[in-house]
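# A closer look at the structure
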Amino acid sequence: MNHVLDRPIWSALQTAHADFAEGGQHARRYPPSIVPFAASADDTPESLGALEKLPSGEERMFLVEAGQIAIPPSLVVLMEARVTQMVAERPHEKISDSRIQPLTEADAADMLDLATLTKPGPFTLRAQSLGCFWGIRQEGRLVAMAGQRMRQIGFIELSGLCTHPDFQGRGLGSLLFRFVAGEIASGGDTAYLHAYAANKSAISLYAAHGFVVRSEMNMCVVKRPT
């Protein structure tokens, strides 16, 4: 694995998000209150030993890599899944729409409620610590949102895209997708994202908006045994 996105969590915590990193030279994670992502530097015994020391209690860790994920024997696997990683084939144009507003800490509870309902992936009250988020409100309710998550040198992950079920089919998700992709491109970075490989409709949507499959990825959710 040679590409910076083959081990996206480790790459982010080594570079653009190094200030968030907990751990050391063999294994690192984001603070669990922000996002439960972790990674080992490689598959050596030293790195896997450091990885198994990161969680405590009921904490879960999400591991994502292009290759087969080595799991320390003391950790329990809660879930395994195939994930499709996609990157923007070309820079997206920056767009403007009066309905789209930046989200702030005051919106965190509404963001978590929407993410809990629609399940776009791991989400916390502190998700905005990693990057900007934008949303659309109707009748005072947050009905759609999207934002930025992991960062590597030259790449920013488009994440948290979701629309309330009552407002789906109105193009709000596509609008926010193009908006965030344009914001990422305007800063000179390449947008990328992850989707469950089984979610063919989402992957088709992203492809229609100029994203191409870069790699199939493996994901594991692990924790310490109780």
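Residues numbered from 1 in each chain as written. Predicted model: local features only at pLDDT ≥ 70, side-chain atom pairs only at ≥ 80, totals over all residues. Heavy atoms only, no water.

## Comments concerning the sheet that holds strand S4 (residues 60-65)
Using the following cut-off: We treat two strands as partners when DSSP finds at least two bridges between them. The secondary structure listing takes helices from DSSP runs of H or I that are at least 4 residues long and strands from runs of E that are at least 2 residues long, numbered from the N terminus. Note on geometry: axes are C-alpha line fits, over the in-contact stretch for helices, and angles between N-to-C directions span 0 to 180 degrees. The criterion used for residue contact is that any of the two residues' heavy atoms lie within 4.5 Å.
Here we have eight strands laid out as an open sheet, ordered S4-S11-S5-S10-S9-S8-S7-S6, and mixed in their pairing. For this open sheet the edge positions go to S4 and strand S6 (100-102), each flanked by a neighbour on one side alone. The mean angle between the axes of side-by-side strands here comes to 30 degrees, regardless of whether they run parallel or antiparallel. By the bridge criterion, three bridges tie strand S9 (residues 155-163) to strand S10 (residues 190-196) in an arrangement that is parallel. Looking at S10, one finds that Phe155 is bridged to Thr190. Against the sheet, helix H3 (residues 108-118) contacts strand S7 (133-138), strand S8 (141-152) and S9, and its axis sits at roughly 90 degrees relative to S8.

## Structural notes on the side chain of Gln148
Let me state the cut-off plainly: Polar contacts, as counted here, are pairs of nitrogen or oxygen atoms within 3.5 Å of one another; within protein the pair requires one atom able to donate a hydrogen and one able to accept it, and residues that are adjacent in sequence qualify only if both atoms are side-chain atoms.
By the element assignment, Gln148 lies in strand S8. Within the structure, the side chain of Gln148 is placed 2.7 Å from the side chain of Arg151, a separation counted as a polar contact.

## So, the environment of Ser129
To be explicit about the condition: Three labels apply to residues, based on accessible area from a 1.4 Å probe with only protein chains included: buried if under 20% of the type maximum, exposed if over 50%, partly exposed otherwise in between.
Note that Ser129 resides in the loop between H3 and S7. Overall, the relative accessible area of 34% leaves Ser129 in the partly exposed class. Sequence separation between Ser129 and Gln25 is 104 residues, and the spatial gap between their C-alpha atoms is 23 Å. Leave out the neighbours within four places in its chain, and Ser129 touches Phe20 and Ile34.

## Points about the pattern of salt bridges
Put simply, the rule is: What makes a salt bridge here is a side-chain nitrogen of Lys or Arg within 4 Å of a carboxyl oxygen of Asp or Glu, nothing more.
The full count for this structure, using the stated rule, is ten salt bridges. Measuring nitrogen to oxygen at the nearest pair gives 2.9 Å for the salt bridge that ties Asp107 to Arg137. Here the residue Asp107 occupies a position in the loop between S6 and H3, and Arg137 occupies one in strand S7, the gap between them amounting to 30 residues. Residues joined by salt bridges that share partners form a network here, namely Glu22, Arg29 and Glu59.

## Quick word on the environment of Tyr30
Turning to its location among the elements, Tyr30 is positioned in the loop between strand S2 (27-29) and strand S3 (38-40). Not counting residues within four places of it along the chain, the set of residues in contact with Tyr30 comprises Ile9, Ala12, Leu13, His17, Phe20, Glu22, Val35, Phe37, Leu130 and Met150. Within the structure, Tyr30 has its side chain in polar contact with the side chain of His17 (distance 2.8 Å).

## Some details on the side chain of Ser40
Its place among the elements puts Ser40 in strand S3. Its relative accessible area of 2% is what places Ser40 among the buried residues. One polar contact links the side chain of Ser40 to the main-chain carbonyl oxygen of Asp42, over a distance of 2.9 Å. Apart from residues lying up to four places away in sequence, Ser40 is in contact with Arg7, Trp10, His26, Ala27, Ser47, Leu48, Leu51 and Glu65.

## Topic: the pairing of S8
The side chains of a regular strand alternate, residue by residue, between the two faces of the sheet. Across the twelve residues of S8, ten count as buried, placing the element largely inside the fold. The pairing of S7 with S8 spans six bridges and is antiparallel. The residue bridging Gln138 from the neighbouring strand is Arg141, located in S8. Once S7 ends, the chain turns through two residues before running back antiparallel as S8, passing Glu139 with a positive phi of about 55 degrees. Bridging between S8 and S9 involves six bridges; their strand directions are antiparallel. Paired with Gly147 across the bridge in S9 is Ser159.

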